[in-house]
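Here is how the chains run, residue by residue.
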Amino acid sequence: MTVRDEDLRGDALEVWIDQDLCTGDGICCQYAPDVFELDIDGLAYVRNADGDLLQDTGATVLVPTIALRDVTDSVKECPGECIHVRRISDGVEVLGPDSADG
Ligand code: SF4
């Protein structure tokens with residue numbers, strides 16, 4: 001099953017990174033710089049709506065609707081397979097290695 005953009009529309013989504021698997025290549029930061037950023041430890045972390053980098057391992061932020069496509073591309077291209085997007089309403093992963101089509 002392939003998750004399409006229209007399947008995700010209307011559901012609030014959140015994203016987190018499993019830093020244990022992050023390779024630090026920075027691909028996600030290129031695709032979605034408003035959502036992902038490399039910290040000084042060389043690993044990617046999420047940024048909140050204020051642009052603050054959340055340095056706690058596995059920290060979660062809301063996926064801005066405007067950034068959904070860029071976040072989706074990040075998940076698809078992430079070599080560490082460590083970006084997870086889940087629906088907030090039921091906690092189901094809809095994009096990422098633990099999703100139905102992951
Ligand atoms: S694309 Fe994946 S492996 Fe690469 S920096 Fe981002 S989270 Fe880490």
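Along each chain, numbering runs from 1 in the same order as the chain's sequence is written. Under the rules for a predicted model, residues below a pLDDT of 70 receive no local features and side-chain atom pairs below 80 are neither given nor counted, while totals for whole chains, interfaces and linings still include all residues. The side-chain values count all of the structure's non-hydrogen atoms but skip hydrogen atoms and water molecules.

**Comments concerning the overall build of the chain**
Line of reasoning, step 1. Helix numbers and strand numbers start at the N terminus; a helix is a DSSP run of H or I with at least 4 residues, a strand a run of E with at least 2. Counting its secondary structure elements, the chain contains three helices and seven strands.
Line of reasoning, step 2. Overall, the chain shows an N-to-C arrangement of helices and strands of α-β-α-β-β-β-β-α-β-β.
Line of reasoning, step 3. Within these notes, the globule rule equals 2.2 Å times the number of residues to the 0.38 power, and the radius of gyration is based on C-alpha atoms. In terms of overall size, the chain behaves like a compact globule, its C-alpha atoms giving a radius of gyration of 12 Å where 102 residues would be expected to give roughly 13 Å.
Line of reasoning, step 4. Taken along its principal axes, the extent of the C-alpha atoms in the chain is 35 × 25 × 20 Å.

**Thoughts on the environment of D73**
Line of reasoning, step 1. Mapped onto the elements of the fold, D73 is located in helix 3 (residues 68-77).
Line of reasoning, step 2. Looking at D73, the relative accessible area reads 25%, which means it is partly exposed.
Line of reasoning, step 3. Separated by 41 residues in sequence, D73 and A32 place their C-alpha atoms 8.7 Å apart. We call a residue buried when its accessible area falls under 20% of the maximum for its residue type, exposed when it is over 50%, and partly exposed in between, using a 1.4 Å probe and counting protein chains only.

**Regarding the pattern of salt bridges**
Line of reasoning, step 1. By salt bridge we mean one thing: a side-chain nitrogen of Lys or Arg within 4 Å of a carboxyl oxygen of Asp or Glu. The final tally for this structure, using the stated rule, is three salt bridges.
Line of reasoning, step 2. Put simply, R86 and E14 hold a salt bridge, and the shortest N to O gap is 2.6 Å. Taken together, the positions of R86 in strand 6 (residues 83-87) and E14 in strand 1 (residues 13-17) put the pair 72 residues apart, joining distant regions of the chain.
Line of reasoning, step 3. R86 gets classed as partly exposed once you look at its relative accessible area, which sits at 26%.
Line of reasoning, step 4. For E14, a relative accessible area of 18% translates into the label buried.

**Remarks on the site of the ligand**
Line of reasoning, step 1. Working definition: residue near molecule or strand if any one of its non-hydrogen atoms lies within 4 Å of it. Contacts to the ligand come from 13 residues, most closely from C22, T23, D25, C28 and C78.
Line of reasoning, step 2. By the convention adopted, Pro, Cys, Tyr, Trp, Phe, Met, Ile, Leu, Val and Ala count as nonpolar, Lys, Arg, Asp and Glu as charged, and the other residues, Gly among them, as polar. When grouped by side-chain class, the residues that make up the shell around the ligand number nine nonpolar, three polar and one charged.

**A few points about the sheet that holds strand 1**
Line of reasoning, step 1. DSSP-based pairing: two strands are paired if at least 2 bridges between them are found. The strand order 5-1-6-7 describes an open sheet built from four strands, whose pairing is antiparallel. Either end of the sheet is taken by a strand with one partner, and the two such strands are strand 5 (60-62) and strand 7 (93-95). Put simply, the sheet's adjacent strands are angled 35 degrees from each other on average, direction ignored.
Line of reasoning, step 2. Direction of pairing for strand 1 relative to strand 5: antiparallel, over a ladder of three bridges. In the strand pairing of strand 5, E14 is matched with L62.
Line of reasoning, step 3. Two residues form a contact once any of their heavy atoms are found within 4.5 Å. To obtain each axis, a line is fitted to C-alpha atoms, and for helices this fit is confined to the stretch in contact; angles are then taken between N-to-C directions over 0 to 180 degrees. Its contacts with the sheet put helix 3 on strand 1, strand 6 and strand 7, and the angle it makes with strand 6 is roughly 130 degrees.

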